[in-house]
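Working through the structure, step by step
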Amino acid sequence: MTSPPPQAACLTPPAIGGIALIQVVGRNAIGAVNPHLLKGQRPVDLAQWRADELRLCRLVDGSETIDDAVVCVRTNESGEQVIDLNLHGGARIVQRALLMLQREGVRIVEPAELLHTCWPTPTRLAAKALPLLLTARTRRTAVWLARLPDLLRERVATIIAAVRSGPPADAVAALDSLLADARRAQLLIHGVRAVLVGKPNSGKSTLANALAEREHAVVSDTPGTTRDWTEHPAAIEGVPFTIVDTAGIRHTDDPIEAEAIARARRQVLTAHVIIRVNDLTQPPDKQDEDLFGTDGQAAGEQTPLVDVYNKVDLPVHPKQAARGEGKPSVRISARTGQGIDRLRSLLLDQIGLPCQADWPAAPFTAEQIECCRQAKAALTGVSPDRPRAVDCLEKMRG
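Residues numbered from 1 in each chain as written. Predicted model: local features only at pLDDT ≥ 70, side-chain atom pairs only at ≥ 80, totals over all residues. Heavy atoms only, no water.

What follows is about the side chain of Arg344. Positionally, Arg344 belongs in helix 10 (residues 340–350). Among all residues touching Arg344, those that are not within four sequence positions of it are Ala210, Leu211, Glu213 and Ile236. (Helix = DSSP H or I, 4+ residues; strand = E, 2+ residues; numbered from the N terminus. Contact = heavy atoms within 4.5 Å.)

In structure tokens, the structure reads:
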């Protein structure tokens, strides 16, 4: 009987990083990889290596070197060969390596398809968290996800004890807190979407570059340079963010600019937090509020709105002197960086993840959140059903 072809996947998140890990798994994984490894000018035979021994090799494709690679080989519990190729983290390097393996008959798969063969997990909770590690966008998120199953089990055990022996109201309060933390957990897993809005030439693109800490957006003194929304990956204290730069909002008869403004408004509806950029060098006018509203209703009443007063490094218009008092706001210079750290802290506060706070031990899948809701429903009826609530929580705990 012919063995199925080896499989391979890149197990590290699809983002710029120092290291990318490609794993090759199968009965003849060594046969597929051996022809492409050299030590100096000599071929390498992985079959002769000790299990889990790390060696530095050159990964080659014919006469071309793809990258230097730290390589190890082992056999999993199913008797399949497992080869780890640790490469530099550039997307092009990973792509070339996977294409080369594909030509050798290796089947390229999604990372989750390799987890069950190579990454045993001690609990159901750990098994649920493991696929999320593959897409973690920051190191802090990955560390939190690795610890989350154990932390959640402990927290749920405490709530189960309260359900069994304490007042139902106390258990319901604990479940409400758990559900609130579940919302924050989704932001940590999938990232916070922060949408920049404001009039043309208020400095949105410069601010997007400052928050992303790299030059993504084209910056110009000419109003209306941004004609469509763009996304910029960022991280604040390890919290993954997507900064969305949008076209300047103003009244216009230009159909192209009008469409760009309509798209900007649609992006606002996707925001977890809205950043409204105001130009301190220009006098405020009623159009500022008419175009977007005063408190973020365009995105729903629950969407936080942060007012940013930009260009503090330039002469401030007298009518802007007292603006921003009494609501979440900060004065900055996106060009010089003044006030940017304060803005970062304010954004974290607005989404409920302040800088120094521990990240929550919270439900992280839709199934777990539904179990939590069912447990709460069992306790909030006329006659609290403690056994049913416990069953729901035990199911969530795995």
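Moving on: the sheet that holds strand 11 (residues 239–245). Read across the open sheet, the 6 strands follow the order 10-11-9-12-13-14; overall the sheet is mixed. Each edge of the open sheet carries a strand with a single partner, namely strand 10 (230–236) and strand 14 (329–331). Pairs of neighbouring strands in the sheet enclose a mean axial angle of 25°, with direction left out of account. Of the pairings in the sheet, the one linking strand 10 to strand 11 comprises 7 bridges and is antiparallel in character. The residue bridging His232 from the neighbouring strand is Ile243, located in strand 11. (Pairing = 2+ DSSP bridges. Axes fitted to C-alpha atoms, helices over the stretch in contact; angles between N-to-C directions.)

Now for the pairing of strand 1 (residues 7–10). Because side chains alternate across strand 1, one face comprises the buried residues Gln7 and Ala9, and the other comprises Ala8 and Cys10, equally buried. Two elements, strand 1 and strand 8 (residues 107–108), share 2 bridges in a ladder whose sense is parallel. Bridge assignment links Ala8 to a residue of strand 8, and that residue is Ile108. (Buried < 20%, exposed > 50% of the residue type's maximum accessible area, 1.4 Å probe, protein only.)

Another point: the pairing of strand 12 (residues 273–279). With 7 of 7 residues buried, strand 12 lies mostly within the body of the structure. Burial along strand 12 is two-sided: the face carrying Val273, Ile275, Val277 and Asp279 and the face carrying Ile274, Arg276 and Asn278 are both buried. Alignment of strand 9 (residues 192–198) against strand 12, held across 5 bridges, turns out to be parallel. Residue pairing in the sheet places Ala194 in a bridge with Val273 of strand 12. Bridge count between strand 12 and strand 13 (residues 305–310): 6 bridges; the pairing is parallel. Across the sheet, Asn278 pairs through a bridge with Tyr309, a residue of strand 13.

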